[in-house]
Amino acid sequence: MARNESKSSENADESCIFCLIAHNRDEETTVLKKDKELVCFKDIYPAAPHHYLVIPTEHIISCKSLKRGNIGLVERMANFGKQVLRDQGITDMEDVRLGFHQPPFTSVDHLHLHVLAPASKISTSMDYKFTPGTDRFITEEYLRKRLEKVRPKVCEMIGQFFELK
Ligand code: 5GP
Ligand code: ZN
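Rules of the game
- Residue positions are counted from 1 within each chain, in the order its sequence is given.
- Each chain gets a letter, beginning with A, and each ligand a number, beginning with 1, in the order they are written.
- The predicted origin of the model limits local features to residues at a pLDDT of at least 70 and limits the giving and counting of side-chain atom pairs to 80 or more, whereas totals for whole chains, interfaces and linings rest on all residues.
- Values reported for side chains reflect all heavy atoms of the structure, with hydrogen atoms and water molecules removed beforehand.
- Ring pairs shown here join Phe, Tyr and Trp side chains whose ring centres sit within 6.5 Å, with only the six-membered ring taken for Trp; geometry is labelled stacked below 30 degrees between planes, edge-to-face above 60, and tilted in between.
- Where helices and strands are cited, they refer to DSSP runs of H or I of at least four residues and of E of at least two residues respectively, numbered from the N terminus.
- Type-normalised accessible area, obtained with a 1.4 Å probe on protein chains alone, sets the label of each residue: buried when under 20%, exposed when over 50%, and partly exposed for intermediate values.
- Here, a charge over a ring is recorded when the distance from Lys NZ or Arg CZ to the ring centre is within 6 Å and its angle to the ring normal is within 35 degrees.
- A pairing counts as a salt bridge when a side-chain nitrogen of Lys or Arg comes within 4 Å of a carboxyl oxygen of Asp or Glu.
- What the arc describes is the spread of directions from the helix axis to the C-beta atoms.
- By the convention used here, residues are in contact when the closest approach between their heavy atoms is within 4.5 Å.

1. Brief notes about the packing of aromatic side chains
The way to describe two aromatic rings as a pair is by their centre distance and the angle between their planes.
And then number 1: Overall, the coordinates contain two aromatic pairs when judged by the stated rule.
And then number 2: Ring geometry for phenylalanine 18 against phenylalanine 41: centres 5.3 Å apart, planes inclined by 70°, an arrangement best described as edge-to-face. Of the two residues, phenylalanine 18 is situated in helix H1 (residues 17-22) and phenylalanine 41 in strand E2 (residues 38-42); the sequence distance between them amounts to 23 residues.
And then number 3: The exposure class of phenylalanine 41 is buried, given its relative accessible area of 2%.
And then number 4: Positioned over the ring face of phenylalanine 80 is lysine 33, at 5.0 Å from the centre of the ring.

Printed below as a string of structure tokens:
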């Protein structure tokens, strides 16, 4: 990932459980897949037979911290999660749900993609938490489309220049 893709701090937050997991400092979590940019592990309270979280190693707060330049990151997170599902034996990629909770409906302030399968087996009591198109939960696809509508930084700067004149 380009260093300037996110405005959030690039440093690990010592008080953030997902930073600890990303840096192999949480003994209770088994990491399923990891590269330089992303880490995937099981959700501690699974809402479906397969429920994984994909996080960036970098401490980015939430999907609301993301800018247009982070579309690639979101896409890579989704592909990473799908690969873990395949590794775990999931073959019906139509029956999966990938998405983000939005603040204030987040409980951990480190960007994480929920990866659930089969979507048809999300537990009834938890279903409300993972219903796409609500203020609470948005799909990764919806987030990418929303980020595409964010004005590029250069446009913001041109706009500010003309407002100042
Ligand atoms: P949120 O509601 O913020 O989108 O979801 C955070 C998720 O992280 C929850 O589904 C919760 O079960 C999971 N979680 C919270 N703390 C831990 C932890 O220490 N280890 C793991 N593996 N999952 C966690
Ligand atoms: Zn963190």
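After that view, the rundown keeps rolling.
2. Some words on the pattern of salt bridges
And then number 1: Within this structure, the stated rule accounts for five salt bridges.
And then number 2: Note that glutamate 14 and arginine 25 form a salt bridge whose closest N and O atoms lie 3.0 Å from each other. Of this pair, glutamate 14 sits in the segment before H1 while arginine 25 sits in the loop between H1 and strand E1 (31-34); the two residues are eleven residues apart in sequence, bridging distant segments of the chain.

3. A few points about helix H3 (residues 140-148)
An α-helical segment advances 3.6 residues per turn. Residues three or four places apart therefore align on the same side.
And then number 1: Taken together, the buried positions of H3 are Glu140, Leu143, Arg144 and Leu147. Seen along its axis, H3 keeps its buried residues to an arc of 100°; they face one direction.
And then number 2: Elements that come into contact with the buried residues of H3 comprise helix H2 (71-87), strand E4 (97-101), strand E5 (113-117) and strand E6 (137-139).

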